[in-house]
Amino acid sequence: MQSSTKKSASASAQDYALLRGIACDVATSAAEMIRVRRAEVFASPGGRDSDSVRSKTSETDPVTIVDVESETLVRESLARLRPGDGFLGEEATGNTEGASETGVVWVVDPIDGTVNFMYGVPAYAVSIAAQIDGKTVAGAVVDVPQGWVYSAALGAGATVSREGFGTRALHVSETESLGMALVSTGFGYKAERRIAQARLAGTLLPVVRDLRRIGAAALDLCLVAAGSLDAHVEHGLNPWDFAAGSLIAQEAGALVRIPPTSARSHEGELVLIATPKVYHELAGVLEEIGALGPIE
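All figures in this text were calculated on a predicted structure; none of them were measured in a lab. (Residues numbered from 1 in each chain as written. Predicted model: local features only at pLDDT ≥ 70, side-chain atom pairs only at ≥ 80, totals over all residues. Heavy atoms only, no water.)

A. Up close: the environment of proline 145. Mapped onto the secondary structure, proline 145 falls in the loop between strand S6 (135-143) and strand S7 (148-153). Taking relative accessible area as the criterion, proline 145 reaches 30% and is therefore assigned partly exposed. Counting along the chain gives 50 residues from proline 145 to isoleucine 195, while the straight-line C-alpha distance between them is 31 Å. When neighbours within four sequence positions are excluded, proline 145 is seen to be in contact with Pro122, Ala123 and Tyr124. (Helix = DSSP H or I, 4+ residues; strand = E, 2+ residues; numbered from the N terminus. Buried < 20%, exposed > 50% of the residue type's maximum accessible area, 1.4 Å probe, protein only. Contact = heavy atoms within 4.5 Å.)

B. Up close: the domain arrangement of the protein chain. The domain architecture assigned to the protein chain consists of domain 1 (13-44 + 58-169) and domain 2 (178-289). On a C-alpha basis, the centres of domain 1 and domain 2 stand 20 Å from each other. In this complex, domain 1 contributes 40 residues to the contact, which on the side of domain 2 involves 25 residues. Interface area for domain 1 against domain 2, summed over the two sides, is near 2300 Å², with a carbon-plus-sulfur share of 65%. Here domain 1 and domain 2 share 0 salt bridges between them. (Domains from an automatic or database assignment. Buried area = accessible area lost by both parts, 1.4 Å probe. Salt bridge = Lys/Arg side-chain N within 4 Å of Asp/Glu carboxyl O.)

C. Highlighting helix H5 (residues 191-204). With 14 residues, H5 extends 20 Å between its outermost C-alpha atoms, agreeing within 8% with the 20 Å of an ideal straight helix rising 1.5 Å per residue. Every buried residue of H5 is accounted for by Arg193, Gln197, Leu200, Ala201 and Leu204. The buried residues of H5 all sit within an arc of 100° when viewed along its axis, so they share a single face. Looking at H5, the residues exposed on the side facing more than 90 degrees away from the buried face are Glu192 and Arg199. (Expected span 1.5 Å × (residues − 1). Arc of directions from axis to C-beta.)

D. Up close: the sheet that holds strand S3 (residues 86-89). Taking strand neighbours across the sheet as the criterion, the 7 strands line up as S3-S4-S5-S6-S7-S8-S9 in an open arrangement whose pairing is mixed. For this open sheet the edge positions go to S3 and strand S9 (166-169), each flanked by a neighbour on one side alone. If you compare each strand with its neighbour and ignore which way they point, the axes differ by 15° on average. For S7 and strand S8 (residues 158-162), the ladder comprises 4 bridges, and the chain directions are antiparallel. Of the residues in S8, the one forming a bridge with tyrosine 150 is valine 160. Where helix H2 (residues 13-41) meets the sheet, it contacts strand S4 (104-112), strand S5 (125-132), S6, S7 and S8, and its direction lies at approximately 30° from that of S6. Its contacts with the sheet put helix H7 (residues 239-251) on S3, S4, S5, S6, S7 and S8, and the angle it makes with S6 is roughly 100°. (Pairing = 2+ DSSP bridges. Axes fitted to C-alpha atoms, helices over the stretch in contact; angles between N-to-C directions.)

E. Expanded view of the packing of aromatic side chains. This model, assessed by the stated rule, comprises 3 aromatic pairs. On the basis of an interplanar angle of 85° and a centroid distance of 5.4 Å, the ring pair of phenylalanine 42 and phenylalanine 117 is categorised as edge-to-face. Taken as a pair, phenylalanine 42 in the loop between H2 and strand S1 (53-55) and phenylalanine 117 in helix H4 (residues 114-119) lie far apart in primary sequence, 75 residues in all. Relative accessible area serves as the criterion here: at 5%, phenylalanine 42 is assigned to the buried category. Judged by centre distance (5.2 Å) and plane angle (75°), the rings of phenylalanine 117 and tyrosine 124 are edge-to-face. Taken individually, phenylalanine 117 and tyrosine 124 each receive the classification buried, so the pair is uniform in this respect. An aromatic cluster of three or more residues is present, and its members are Phe42, Phe117 and Tyr124. It is arginine 38 that lies over the ring of phenylalanine 117; its NZ or CZ is 5.8 Å from the centre. (Phe/Tyr/Trp six-rings, centres within 6.5 Å; stacked < 30°, edge-to-face > 60°. Lys NZ or Arg CZ within 6 Å of the ring centre and 35° of its normal.)

F. Molecular detail of the sheet that holds strand S12 (residues 231-235). The strand order across the open sheet built from 5 strands is S11-S10-S12-S14-S13, with neighbouring strands paired in mixed fashion. Here the strands that pair on one side only, and so sit at the sheet edges, are strand S11 (210-212) and strand S13 (255-257). Taking each pair of neighbouring strands and ignoring which way they run, the sheet shows an average axis angle of 15°. Contacts from helix H8 (residues 276-288) reach S12, S13 and strand S14 (270-274) within the one sheet, and its direction differs from that of S14 by about 145°.

G. Seen up close, the UniProt feature "binding site: Mg(2+) 2" (unreviewed entry) in the protein chain. The feature "binding site: Mg(2+) 2" (unreviewed entry), as given by UniProt, occupies Glu90 in the numbering adopted here. You can call glutamate 90 buried: its relative accessible area is 16%. (UniProt positions renumbered as here; feature names shortened; annotations may be inferred.)

H. Structural detail: helix H6 (residues 217-226). The element H6 is largely enclosed, with a buried count of 9 among its 10 residues. Those residues of H6 that sit buried are Ala217, Ala218, Leu219, Asp220, Leu221, Cys222, Val224, Ala225 and Ala226. Within two residues after H6, glycine 227 carries a phi angle of roughly 85°, on the positive side.

I. Seen up close, the pattern of salt bridges. The full count for this structure, using the stated rule, is 5 salt bridges. The partner of arginine 212 in a salt bridge is aspartate 210, with the nearest N and O atoms 3.1 Å apart. The class of arginine 212 is partly exposed, set by a relative accessible area of 38%. Here the salt bridges do not stand alone but share partners, grouping Arg37, Glu40 and Glu69 into one network.

Shown next, in the form of structure tokens:
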């Protein structure tokens, strides 16, 4: 996009701060709606089997009516606040990037952790990132059940805030070695990839402190930023899964390896985000077993 190149050349820290504030406000509004709608749609376990849920890439990959409602709210809010910006959302038809007249594209996961959301497991989030030339410059991830708002702007650090608790800066842990690292991971929706990912998990388990599978990658990356996890490794994420969280982790001091925004989950590219001392050791292990490349 010609306008993207022009805009990125003139973008400033003030621009990024503005985009960060918008991401926080819109994600917070979507989170508030999700909390209300979950009580209405999934008031009983039978809600998981209703017309409010359908499958996407496989029978185990669901999307709910609330995912769609959340994305609609986010899209309409951003269009009102930022007319002319592009939009790339998980539930958008074809998952293709909308045209941008300004050079800014919003990358949105309306509910990251939909399975958790359906079952009432309190780990799901709204993730909104602003990108210029395919690079995230601002973003926010709202932990819906907890109400925590994680955010960052390029070059301005990362924070977490909650009403009544204030705001604090985020910093990755000071874990010295892979052997003492608490590492999170995730699994795809198709059996073939899950088998390969299970083998990888079996290789990692003996060389790390322990593994966690939380089920919402955006939150995993924020927990790395907060020092609650030391690393996250996963193949096959989509850009809306990591666009905001990767910047938040990076601004908190993590080293980051992510695919381009054009990548999609079926390509199986690696996302590796970790505190610096753990990153290099973990990358070395992955290289030894041939896991720095894609798992398709």
